[in-house]
Structure formats: C-alpha cells, structure tokens
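So the chains spell out like this:
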Amino acid sequence: MSEPLEENAPPITELTKGQRRVLGTLLEKAYTTPEGYPLTLKSLTSGCNQKSNRHPMTDYSEDDVLEIIDQLREMGLVAVVHTESGRTERYRHYMRKRFTLTEPQLAVLTELLLRGRQSVGDLRARASRMVPIESLDDLREALRGLTALKYLQASGSLDRRGVEVDHNFYAPAENKRITASDSDELESDAPESPRGSPQSSASRQPASAPSTATGSDSRTVTTALNAVRADQGELRGRVDSLEDEIRRLKGIVEDLVRDLRG
C-alpha cells in the first residue's frame with residue numbers, strides 16, 4: 001500500500017538539485033524499467049548516480065537519497081510503497097497526482113529534470129525512449145502546453161530550429177533562467193515596413209553585391225550547422241536508449257544467475 005496524498009497541497013514552483021535528480025530518476029525508471037518499479041533505496045541511489053542520461057554526474061549516498069525522499073514525500077511528490085512481504089520499502093513518484101500533464105509532457109519534464117537545458121532535437125530523441133513522440137510538431141505541442149503552465153522556458157520561439165529548452169523549477173539563486181537570444185528578439189520585435197515606404201525600398205536595395213553574398217552564405221552555413229546538431233541529437237538519443245536496454249538486459253541476466261545459484 002502507498003501513502004494517501006495530502007489534499008490542498010501548495011503548488012510546486014521550485015525543486016532543489018537533489019529533488020530534481022531523485023524525482024527524475026523515479027519518473028525515468030517507471031517508464032523504462034517498469035518490471036523493477038517502484039524502486040528500492042539501493043536501486044534509486046544507483047539510478048541517481050548512473051553515468052548515462054544524467055547531467056551533472058552525482059555521487060549520492062543512500063542516506064543522501066533518503067533525506068531527499070523525505071522532502072519529496074512532504075511535498076506530495078513521492079510515496080513509500082509497503083509490499084506484501086514487508087521486507088524492503090520501495091518508492092514511487094506521484095507526479096500524475098500533483099500535476100495535470102499528458103504523457104509526452106511528463107516524459108519531456110523527466111528528461112529536463114535529469115539533464116537540464118538541451119536542444120529540441122536532443123529532447124525529442126531522449127523523451128521518445130519513454131513515450132512515442134512521432135514528430136517535432138508533436139513535441140512542440142507538448143512544449144507549448146508546458147510553457148503555458150509556466151513549467152518550461154526556452155531560448156526563443158519553439159518553431160525556430162536550434163532553440164533550446166529547460167524546465168522552470170530552478171530556485172532564483174541558481175541563476176538558470178533562459179533569456180531569448182538577440183537574434184530572436186530582433187526578428188520578432190522588428191516592425192514590418194509598409195510597402196513602398198523609404199525604409200522598405202532601402203531594405204530591398206543591397207549595399208553591395210559582396211555583402212549580399214556573404215549574408216546568404218552565412219545563413220546557409222547556419223542552417224547546415226543546425227541540421228547537423230539536430231542529427232547529432234537524434235543519434236545521442238538512440239545511443240542512450242541502447243545503453244538503457246543493455247543495462248536492463250544485464251539486470252535480467254544477473255537475476256537469472258542468482259536464481260540458478262540459489
């Protein structure tokens with residue numbers, strides 16, 4: 001049995017580094033290794049400190065994680081599960097009870113809690129290992145919903161290629177707020193000139209042929225670089241997924257070996 005959730009719990013707007021890591025790990029393991037979920041304290045600690053799908057790396061002790069669990073329990077985000085055998089306490093998240101989110105939104109938040117700021121291309125690849133996200137348009141729909149709820153921040157318009165996003169649960173002292181890039185601000189704030197006005201006419205006249213060519217080349221290079229970064233993000237996400245699957249299969253083999261020896 002698990003603990004009842006306290007009614008009328010206050011809204012959650014900030015999480016510490018430790019709270020983000022423990023909560024993100026519980027969320028991730030619920031998606032990727034459901035056969036081992038809810039997690040024991042030992043497996044939760046190992047998940048927090050694992051070398052892949054985490055930034056920054058941590059070295060929490062079981063006592064550290066237990067202290068963070070108590071904090072999250074008070075916030076209504078984590079519960080203790082008492083199994084029928086009663087031998088080992090296990091822990092589960094209560095994100096679906098404390099937040100109204102779609103499954104893609106929950107997967108997106110999971111990745112952001114575990115890694116922090118990242119590109120939209122990286123995020124799609126990584127979140128897709130937990131919940132199917134068929135296209136960037138599907139991802140942007142989830143991101144817009146999180147932005148409307150003030151759970152997400154972005155470096156610019158979500159429709160722009162190369163934009164980076166992050167969760168919005170940082171404390172002000174962490175100084176992790178994202179501000180829109182200068183190029184985004186200039187592009188979105190510059191007023192359009194009426195047709196035929198001197199400004200419009202001047203803007204259509206290139207200062208010189210070399211200058212025009214240089215600007216075009218620069219935009220072409222930027223577009224190509226953004227495409228390469230997006231492809232790299234997809235590949236990194238696939239590698240992360242393979243590493244998770246290898247660890248899961250290794251755990252199954254180890255359990256089988258222990259059963260045979262026992």
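What this report covers is the structure whose coordinates are included nearby. (Residues numbered from 1 in each chain as written. Predicted model: local features only at pLDDT ≥ 70, side-chain atom pairs only at ≥ 80, totals over all residues. Heavy atoms only, no water.)

1. Some remarks on the pairing of strand β2 (residues 78–81)
Along any regular strand the residues' side chains alternate between the sheet's two faces. Keep this limit in mind: For each residue, the accessible area found with a 1.4 Å probe, counting protein chains only, is set against the maximum for its type, and the residue is called buried under 20%, exposed over 50%, and partly exposed in between. Helix numbers and strand numbers start at the N terminus; a helix is a DSSP run of H or I with at least 4 residues, a strand a run of E with at least 2. Here a strand pair is declared whenever DSSP counts at least two bridges between the two strands.
Residues of β2 alternate between two faces, with Val78 and Val80 on one and Ala79 and Val81 on the opposite face, all of them buried. Across 4 bridges, the pairing between β2 and strand β3 (residues 90–93) is antiparallel. When the sheet's bridge partners are listed, Val81 is paired in β3 with Arg90.

2. Overview of the nonpolar core
Filter applied, for reference: What is meant by a nonpolar core is a set of buried Ala, Val, Leu, Ile, Met, Phe, Trp, Tyr and Cys residues, joined one to another through side-chain atoms within 4.5 Å. Working rule for contacts: check all heavy atoms of both residues, and any pair within 4.5 Å makes them a contact.
Among the nonpolar cores identified, the biggest contains 45 residues, and Val22, Leu23, Met95 and Leu143 are the most heavily contacted of them. Residue assignment for this core shows that the elements contributing at least two residues are α1 (17–32), α2 (41–49), α3 (62–74), β2, α5 (103–115), α6 (120–127) and α7 (136–148). The leading source of residues in this core is α5, at 6 residues. For Met95, the residues in contact, after removing those within four places along its chain, are Leu23, Leu27, Leu77, Leu101, Leu106 and Leu109.

3. Description of α5
Since the α-helix packs 3.6 residues into each turn, any two residues three or four apart lie on the same face. For clarity, the threshold we go by: Multiplying 1.5 Å by the helix residue count minus one yields the expected span of that helix.
Along its 13 residues, α5 runs 18 Å from first to last C-alpha, staying within 8% of the 18 Å computed at 1.5 Å per residue. Within α5, 11 of the 13 residues are buried, leaving the element largely enclosed by the surrounding structure. For α5, the full list of buried residues reads Gln105, Leu106, Ala107, Val108, Leu109, Thr110, Glu111, Leu112, Leu113, Leu114 and Arg115. Trailing α5 by a residue or two, Gly116 shows a phi angle of about 80 degrees, which is positive.

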